[in-house]
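Breakdown of the fold
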2 protein chains.
Amino acid sequence: MAERLIVIGGDVGGMAAASQARRRRNDLDIVALERGGWTSYAACGIPYLVAGDVESIDELVVRSPQEFRSRLRIDVRLRHEAVGLDLAARRVSVRDHVHERDLTLGFDQLVIGTGARPLRPDLPGIDNGFVHGVQTLDDAEDLLRHAREARSTEVAVVGGGYIGLEMAEAFVRWGANVTLVEGGDNVMRTLDPDMAALVEDALRRHGVTVRTGAAVKAFEPGRVVLEQGEVAADLVVLGLGVTPNSGLAGEAGIELGARGAIKVDRRQRTSAEGVWAAGDCCESFHRVSQRAVHVALGTVANRQGRVAGINIGGGYAVFGGVVGTAVTKVCDTEVARTGLSEAEAAAAGFELVSARIESSTRAGYFPGAGPITVKVLAEKGSGRLLGGQIVGGQGAGKRIDVLATALTAGFTLDEVVDLDLAYAPPVSPVWDPVVIAAREAAKLV
Amino acid sequence: MAERLIVIGGDVGGMAAASQARRRRNDLDIVALERGGWTSYAACGIPYLVAGDVESIDELVVRSPQEFRSRLRIDVRLRHEAVGLDLAARRVSVRDHVHERDLTLGFDQLVIGTGARPLRPDLPGIDNGFVHGVQTLDDAEDLLRHAREARSTEVAVVGGGYIGLEMAEAFVRWGANVTLVEGGDNVMRTLDPDMAALVEDALRRHGVTVRTGAAVKAFEPGRVVLEQGEVAADLVVLGLGVTPNSGLAGEAGIELGARGAIKVDRRQRTSAEGVWAAGDCCESFHRVSQRAVHVALGTVANRQGRVAGINIGGGYAVFGGVVGTAVTKVCDTEVARTGLSEAEAAAAGFELVSARIESSTRAGYFPGAGPITVKVLAEKGSGRLLGGQIVGGQGAGKRIDVLATALTAGFTLDEVVDLDLAYAPPVSPVWDPVVIAAREAAKLV
C-alpha cells in the first residue's frame with residue numbers, strides 16, 4: 001500500500017505542503033481534509049470583495065479542489081472536519097458533514113494546517129447574526145449576504161488592526177457610516193503610537209469615525225454598547241485578531257508553544273514523529289527578537305507550507321523565520337511595518353534610538369509625489385537596525401521590504417545608509433526616504 | 001587665516017561635500033567654483049521638464065547659490081571655471097567668465113566634483129546647433145529653446161540608454177515623431193537582451209520608432225544619416241553615455257582609474273594629499289564584481305559627496321560602493337536593474353544560473369494589477385545572488401531595492417526566497433515576484 005499523507009486544513013499552509021510533497025513524491029497517497037467549502041484561498045482579499053474591488057468570491061480561490069485533484073492528484077474532501085487525532089494508532093477521526101457520517105483515516109505522515117480563528121470575546125450578544133468574523137470565504141459569504149439583505153448603513157468595526165482597518169475602508173466604499181471601535185489607545189497597535197496617529201488621521205479623512213479607548217460591553221440589535229456610550233450598528237465586523245487553532249494537536253499531545261500555537265522546528269516538524277505543521281496554527285521564529293512568536297499571515301503560511309512539503313518530499317528546506325513584516329492600505333494611505341516596535345524592542349531588552357522623517361514617494365517636483373513618513377528604530381550603541389514603520393501614499397508601503405531585507409542581514413544603520421538603492425524622479429527622491437530615516441537615526445547612536 | 005576648502009563643481013557631488021564639511025567645521029572658509037549658471041540641481045529631472053511633468057527649470061534646483069551662501073556660508077561663484085591646478089603650490093587657476101578675467105585661489109583642502117560630460121562622437125555635423133546633449137541645466141535651456149522655436153516635430157534620440165529612453169518618452173509626450181537610434185543590437189545594454197526586448201516593446205507601444213544596430217554617419221539639417229538609410233530629424237538629442245571630466249585632475253598628476261575616472265579610496269581621497277573627489281568624475285567600488293567602475297548617477301554622487309564632506313569635517317565615513325542599481329520609466333513601463341548582467345558576470349569570471357518569471361505587481365485579482373517580469377542571476381554551485389532585472393508596470397521598478405539590499409548582504413537565492421517581505425493584495429501577490437524569480441533560479445543551482 002502506498003504511504004499516505006493526510007493534510008488537515010485545505011487552506012494555504014496545508015495545501016502548499018501537499019503540493020510540494022506531490023511534486024517530489026509521485027507515489028504518495030495524499031488526502032486533504034477541509035471542514036469548509038473552499039481550498040487555498042486568499043482570505044486577505046475578503047475586504048476588497050466587500051469594497052467591490054473584487055467582483056466575485058471565486059476570484060479569491062487560488063486553486064480549486066478540482067485543480068488539486070486533477071493536476072496534483074490530491075484527494076481533497078470538503079466539509080470534512082478532523083475531530084480527533086490518535087498519534088499512537090496514526091489515525092484521524094473525521095466528521096463528514098456532507099453525508100453526516102463519521103470515518104477514520106490512517107496516515108503515515110500528517111500535516112496540520114488548521115489555521116487560526118478570530119477572537120470572539122465572551123460578551124452579551126456576540127452570537128447574534130449581525131456580528132461577523134471575516135476569516136474564511138464562508139464568513140465572507142455570510143457577511144455579504146447579510147449586508148446586502150439588510151442594506152446595512154450603520155457598520156461598526158470592532159478592532160483597529162489590519163483586518164479592522166481594511167473592513168472599515170471596505171464599508172466606507174460600500175457607502176455605510178462606519179465607526180471603528182478600538183479598545184486600546186491607538187489603532188494599529190503593531191505600530192508605535194506616533195505612527196498609528198497618522199493612520200487614524202487617514203481613517204478620519206476618509207470618513208471613518210474612530211473611537212479609541214472604547215471597551216465593548218454588549219452587542220444589541222441596532223447598536224454596540226460601550227463602557228461609555230454606544231455606537232449605532234446594524235452590522236458588526238470583528239477584527240480583534242486571531243488565536244491559533246491548535247486544539248486538535250494539543251489534545252493529541254503535540255507540544256504547543258508561543259501563544260498556544262503548535263511548536264515547530266526549522267523544518268516545520270512538530271514534537272510528534274512524522275507530524276508537520278504550517279500556517280496560522282503554528283509558531284514562527286522571529287529573527288530580530290530571537291523568540292518564538294505567533295504570526296498569522298498568508299505569506300508566512302505559504303513559506304512554511306512549502307518548507308514542510310519539500311521536507312516531506314525528501315528534500316531539505318528550512319524556514320528561517322519572520323522579521324515581523326506587514327503592510328496594508330487604508331484608502332489612499334499605505335501602512336507598513338517590520339522588525340520590532342518600540343514596545344516590542346523594550347520587551348526584548350533593547351535600548352533604542354529612533355528617528356521619524358517626512359519625505360515624498362517621488363522626487364518632490366514630480367507629479368503624483370505623495371507624502372511618506374518613515375520611522376526607523378535601532379539599538380543604541382551598536383546601531384543595529386531593529387525595525388521600521390512607514391505611512392504614506394501610493395508606493396510607500398513596499399519600501400518596508402528594504403528594511404525587512406536589511407533586518408534579515410543584521411545590518412546597522414550605517415549599512416542601510418550605504419545601500420545602493422534605485423533612484424529616478426518618477427519613483428523616488430534622490431535619497432530614498434528609508435535611507436533618510438536611517439541617516440537621522442544614525443546621528444543618535 | 002582660516003583654512004580654505006575649495007570645491008570645483010557646484011553640482012551634487014561637490015556641494016554635498018561642501019555642505020557636510022560646513023556642518024562639522026564652522027571655521028572653514030569654503031569657496032565653490034561652478035563654470036555653469038546653476039548649483040546642486042537634479043539633472044535626472046531634465047527629461048521630465050521636456051515632457052511637461054515639471055513646469056519650470058527652477059523646480060530642478062535643489063539648493064540655489066543664494067541658499068548655499070546664506071544658510072551654509074559657502075562662497076559660490078557661478079560662471080567661474082577652474083582651468084588649472086597646481087598641487088605643489090596648492091593653487092587653482094580660475095577663469096571668471098562673468099568679468100572676463102583670470103584669477104588664482106589658494107586652498108588647503110580641495111574637492112573635485114567636476115562631473116562627467118556626454119560623449120559626442122567625432123562625426124560630421126555633430127557641432128550643429130540642432131544636436132543637443134542633456135547633461136546640465138544650461139543644456140536643458142538650450143534644448144527647450146530650440147525645440148520651442150523650431151516647433152520640432154521630428155526628433156531623433158541617439159543612444160538607447162537611460163537618458164535616451166527618457167528623452168524619447170519626453171518628446172513623444174511633447175507631440176513629436178520620435179526615432180530612437182541605437183548602435184548596438186538592443187536598447188538598454190545594461191540589461192540582458194531578453195529583458196531589453198521588453199523595453200523595446202514598450203517604446204514601440206508608445207509610438208517610438210526603434211532602430212537598433214544603426215550606426216550614425218553624419219548629422220545634417222533635417223536628418224540623421226545612418227550607415228544604412230536615414231532618419232528625419234529637425235532636432236537630435238544625444239544619449240550616448242558620459243565620460244568623466246577628469247582632465248584637470250589628470251593634468252595635475254592625480255591618479256586616474258576605471259575608465260579615466262579619478263581614483264579614490266574608501267574615504268573619497270584621491271592620490272594627492274588633502275584632495276578629495278566625489279560624483280561623476282570619480283570611480284566607485286563595485287561590491288559584486290569587486291572591481292573599480294565608473295557610475296555616473298546622482299545617488300552615488302550624493303553618497304560620495306556626503307562621505308568626503310564628513311571626512312573633511314573631521315568625521316569618519318566610508319563609501320562602501322555600488323551594486324549597480326538603476327531604475328527608469330518609459331511611459332507606463334518601469335525598468336530596473338542591479339548587480340551584474342549576464343555579460344558583466346561572465347566578464348568577471350562567474351558561471352551563471354538565471355530564471356525569468358512573469359507575475360503581477362498586485363494580487364492578480366486586484367484592480368490595477370500590472371505585469372511584471374523579473375530576472376534573477378546567481379552563481380552556479382554557490383547559489384550566490386549576482387544580479388536582477390525588472391521590467392513592469394507601476395510599482396515594479398523599486399522592487400529592485402530588495403535585490404540590491406540582498407546583493408549588499410551577499411545573500412544566496414535560498415536566503416532571498418526566505419525573506420519576510422510585505423504582502424497585501426493592493427501592493428503585491430502573496431509570493432513577491434522577486435522571490436518567485438529567486439525560487440525558480442534556485443532550482444537550477
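See above for the structure.
Residues numbered from 1 in each chain as written. Chains lettered and ligands numbered in written order. Predicted model: local features only at pLDDT ≥ 70, side-chain atom pairs only at ≥ 80, totals over all residues. Heavy atoms only, no water.

1. Digging into the relation of the copies chain A and chain B
Each copy of the sequence occupies a distinct position, and chain A is placed on chain B by a rotation of 180° and an axial shift of 0.0 Å, giving an RMSD of 0.0 Å. Here the symmetry operator amounts to a two-fold rotation axis. (Least-squares fit on C-alpha atoms with pLDDT ≥ 70 in both.)

2. A closer look at the sheet that holds strand β2 (residues 29–34) of chain B
Residue and element names in this part refer to chain B. Strand order in the open sheet formed by five strands is β3-β2-β1-β7-β18, and the pairing between neighbours is parallel. In the strand order of this sheet, the two ends are held by β3 (74–78) and β18 (275–277), each with one partner. Averaged over all adjacent pairs, the angle separating strand axes in this sheet is 15°, with direction ignored. Judged from the five bridges that link them, strand β1 (residues 4–8) and β2 form a sheet pairing that is parallel. Across the sheet, Val 7 pairs through a bridge with Ala 32, a residue of β2. Helix α1 (residues 12–24) contacts β1, β2, β3 and β7 (109–112) of the sheet and is inclined by roughly 160° relative to β3. Relative to the sheet, helix α8 (residues 298–312) contacts β1, β7 and β18, its axis offset from that of β18 by approximately 160°. (Pairing = 2+ DSSP bridges. Helix = DSSP H or I, 4+ residues; strand = E, 2+ residues; numbered from the N terminus. Axes fitted to C-alpha atoms, helices over the stretch in contact; angles between N-to-C directions. Contact = heavy atoms within 4.5 Å.)

3. Some thoughts on the environment of Leu 240 of chain A
Residue and element names in this part refer to chain A. Mapping Leu 240 onto the fold places it in the loop between β16 (235–238) and β17 (242–244). Relative accessible area serves as the criterion here: at 34%, Leu 240 is assigned to the partly exposed category. Not counting residues up to four positions away in its chain, the partners in contact with Leu 240 are Leu 119, Pro 121, Val 158 and Gly 159. (Buried < 20%, exposed > 50% of the residue type's maximum accessible area, 1.4 Å probe, protein only.)

4. Here's the deal with the pattern of salt bridges
Residues and elements named next belong to chain B. Throughout the structure, instances matching the rule amount to 64 salt bridges over all chains. Two residues, Glu 67 and Arg 71, come together in a salt bridge whose shortest N-O distance is 3.3 Å. You can see Glu 67 and its partner Arg 71 sitting in helix α3 (residues 65–72), four residues apart, about one turn around the helix. Assessed through its relative accessible area of 26%, Glu 67 is described here as partly exposed. Arg 71 gets classed as exposed once you look at its relative accessible area, which sits at 56%. When the shortest N-O distance is used, the salt bridge between Glu 344 and Arg 337 registers 2.9 Å. (Salt bridge = Lys/Arg side-chain N within 4 Å of Asp/Glu carboxyl O.)

5. So, the pairing of strand β10 (residues 154–158) of chain B
Residue and element names in this part refer to chain B. Most of β10 is tucked away, with four of its five residues classed as buried. Pairing analysis gives five bridges linking β10 to strand β11 (residues 177–181), with the strands arranged parallel. Residue pairing across strands places Ala 156 opposite Thr 179, the latter belonging to β11. For the crossover that starts at β10, traverses helix α5 (residues 162–174) and ends in the parallel β11, the hand is right-handed. When β10 meets strand β16 (residues 235–238), the two strands line up parallel, connected through four bridges. Note on β16: the bridge partner recorded for Val 158 is Leu 238. (Right-handed = clockwise from strand over helix to strand, strands pointing away.)

6. Topic: the nonpolar core
Phe 171, Val 199 and Leu 203 of chain B are the most contacted members of the largest nonpolar core, which has 46 residues in total. Going through the elements one at a time, α2 (46–51), α4 (137–150), β10, α5, β11, α6 (193–205) and β16 of chain B are the ones with two or more residues in this core. Beyond its immediate chain neighbours, meaning those up to four positions away, Phe 171 of chain B contacts Val 50, Leu 143, Ala 147, Val 155, Ala 176, Val 178, Leu 235 and Val 237 of chain B. Core analysis: the second largest hydrophobic core is formed by 45 residues, Ile 46, Val 134, Val 157 and Ala 176 of chain A among them. (Core = buried A, V, L, I, M, F, W, Y, C linked by side-chain atoms within 4.5 Å.)

7. Section: helix α5 (residues 162–174) of chain A
All names here are of chain A. Taking 1.5 Å per residue, 13 residues should reach 18 Å; α5 reaches 18 Å between its end C-alpha atoms and fits that length. Those residues of α5 lying buried are Gly 164, Leu 165, Glu 166, Met 167, Ala 168, Glu 169, Ala 170 and Phe 171. Immediately beyond the C-terminal end of α5, within one or two residues, lies Gly 175, with a positive phi of roughly 110°. (Expected span 1.5 Å × (residues − 1).)

Nothing here speaks to function; it is all geometry.
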